[in-house]
Amino acid sequence: MQIHLIAVGQKMPRWVEEGYGEYARRLPAECSLKLHEIPAGKRGKGADIARLTRIEGQKMADAIPRGARVVALEVKGKPWSTEQLSQRLDCWLPEGRDVALLVGGPEGIEPALSASADERWSLSPLTLPHPLVRVVVAEQLYRAWSILKGHPYHR
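Numbers given for residues are sequential positions, taken from 1 along each chain in its written order. Reporting of local features is limited, given that this is a predicted model, to residues whose pLDDT is at least 70; pairs of side-chain atoms are given and counted only at 80 or more, and all residues count toward the totals for whole chains, interfaces and linings. Note that water and hydrogens are dropped before the side-chain values are worked out from all heavy atoms of the structure.

For the rest of this paragraph, the subject is the overall build of the chain. For the chain, the count of helices and strands is 5 helices and 5 strands. The size measure is the radius of gyration over C-alpha atoms, and the globule rule it meets is 2.2 Å times the number of residues to the 0.38 power. In summary, the chain has a C-alpha radius of gyration of 15 Å against a globular reference of 15 Å for 155 residues, a match within 12%. Here the C-alpha coordinates of the chain stretch approximately 55 × 35 × 25 Å along the principal axes. Taking all 155 residues of the chain together, 46% fall into the buried category. Note on contacts: a residue pair qualifies if any of its non-hydrogen atoms lie within 4.5 Å across the two residues. A fraction of 83% describes how many contacts in the chain between residues 6 or more apart in sequence connect residues 24 or more apart. In short, Shrake-Rupley with a 1.4 Å probe defines the accessible areas, and a residue's cover is counted only from the protein chains shown. Accessible area of the chain: about 8,300 Å², with a carbon and sulfur share of 52%. Helix numbers and strand numbers start at the N terminus; a helix is a DSSP run of H or I with at least 4 residues, a strand a run of E with at least 2. Between buried and exposed lies partly exposed: a residue is buried under 20% and exposed over 50% of the maximum accessible area for its type, with that area taken using a 1.4 Å probe on protein chains only.

So this is what it looks like as structure tokens:
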């Protein structure tokens, strides 16, 4: 199984790349984490936000591997504790299906794409900066895996 983090935005600050990279490297091959960056449309005065969101949504949909379980990360999604994420990972691993985690742009995930997701996950009721979400997701996946394997990281 491979986990695909499909996120709108490119050219992240170094701290984001380093933080994400640190936890992605720690994950084993059985649940490796791969980042797919989707270019964000130009937002400015007079921008057609609905059109930009549709284009970003289509690019995200194109990046989802065939047959993958799709999880949309949204403020209005269901909050999962680290232990609940670990339980989900424990169910996902034997299925062998890839998992696609979707992180939208400034306006969120395109509504039709969100509606088609298998699950909706909220990291927090707070609106988090999207670069930070990459680091938090990678760390939480590593923590969830460490729980499954009895690794001392979670202590």
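This paragraph deals with the pattern of salt bridges. By definition here, a salt bridge exists when the distance from a side-chain nitrogen of Lys or Arg to a carboxyl oxygen of Asp or Glu is within 4 Å. This model, assessed by the stated rule, comprises 13 salt bridges. With a closest N to O distance of 2.7 Å, arginine 43 and glutamate 107 form a salt bridge. Separated by 64 residues along the polypeptide, arginine 43 in the loop between β2 (32-38) and α2 (49-63) and glutamate 107 in the loop between β4 (99-103) and α4 (111-116) bring together distant segments of the chain. Among the charged side chains, a salt-bridge network with shared partners connects Arg69, Arg88, Glu95 and Glu119.

As a further point, take helix α3 (residues 82-95). How far a helix is expected to stretch is found by multiplying one less than its residue total by 1.5 Å. Taking 1.5 Å of rise per residue, 14 residues should cover 20 Å, and α3 covers 20 Å from first to last C-alpha, within 8% of that figure. Looking at the buried residues of α3, the elements they touch are β1 (2-8), β3 (69-79), β4, β5 (119-122) and α5 (130-148). Trailing α3 by a residue or two, glycine 96 shows a phi angle of about 80 degrees, which is positive.

Okay, the packing of α3 against α5 next. Comment: axis = line fitted to C-alpha atoms, over the contacting stretch for helices; angle = value between 0 and 180 degrees taken between N-to-C directions. In contact at an axis separation of 8 Å, α3 and α5 are set at 75 degrees when each is read in the N-to-C sense. As judged from the angle between their axes, α3 and α5 are roughly perpendicular. For the pair α3 and α5, contact is made by Thr82, Leu85, Ser86, Leu89, Asp90 and Leu93 and by Gln140, Leu141, Arg143, Ala144, Trp145, Ile147 and Leu148, respectively. For the contact of α3 with α5, the residue count by class is 8 nonpolar, 3 polar and 2 charged. An angle below 35 degrees is treated as roughly parallel, one above 145 as roughly antiparallel, one from 65 to 115 as roughly perpendicular, and anything else as oblique. Ten residue types, Ala, Val, Leu, Ile, Met, Phe, Trp, Tyr, Cys and Pro, are classed as nonpolar, four, Asp, Glu, Lys and Arg, as charged, and the remainder, Gly among them, as polar.

A few words now on the packing of aromatic side chains. Two descriptors summarise a pair of aromatic rings, namely the distance from one centre to the other and the angle between the planes of the rings. Each pair of aromatic rings taken from Phe, Tyr and Trp, with Trp reduced to its six-membered ring, is defined by centres within 6.5 Å and is described as stacked if the planes are under 30 degrees apart, edge-to-face if over 60, and tilted in the remaining cases. Applying the stated rule across the entire model yields 4 aromatic pairs. With centroids separated by 4.8 Å and ring planes inclined at 15 degrees, the aromatic side chains of tryptophan 80 and tryptophan 121 adopt a geometry described as stacked. Residue tryptophan 80 is found in the loop between β3 and α3, and its partner tryptophan 121 is found in strand β5; the two are separated by 41 residues along the sequence. The residues tryptophan 80 and tryptophan 121 share a single accessibility class, namely buried. Taken together, the aromatic side chains of Tyr23, Tyr142 and Trp145 make up a single cluster linked through ring pairs.

Moving on, we get to the sheet that holds β2. One open sheet accounts for 5 strands, arranged β2-β1-β4-β3-β5; its pairing is parallel. On the outer flanks of this sheet lie β2 and β5, each paired with one strand and no other. Looking at each pair of strands side by side, their axes are set apart by 30 degrees on average, direction ignored. Note that β3 and β4 share 5 bridges and pair parallel. Bridged to leucine 73 within β4 is valine 103. The strands that α5 touches are β1, β2, β3 and β4; relative to β1, the one it contacts most, it runs at about 170 degrees. In short, DSSP must find at least two bridges between two strands for them to pair.

Let us look at unusual backbone geometry. Excluding glycine, residues mostly have negative phi values, and the peptide bonds linking residues are mostly trans. Phi is positive for lysine 11, close to 55 degrees, though the residue is something other than glycine. Owing to a relative accessible area of 79%, lysine 11 belongs among the exposed residues under this scheme.

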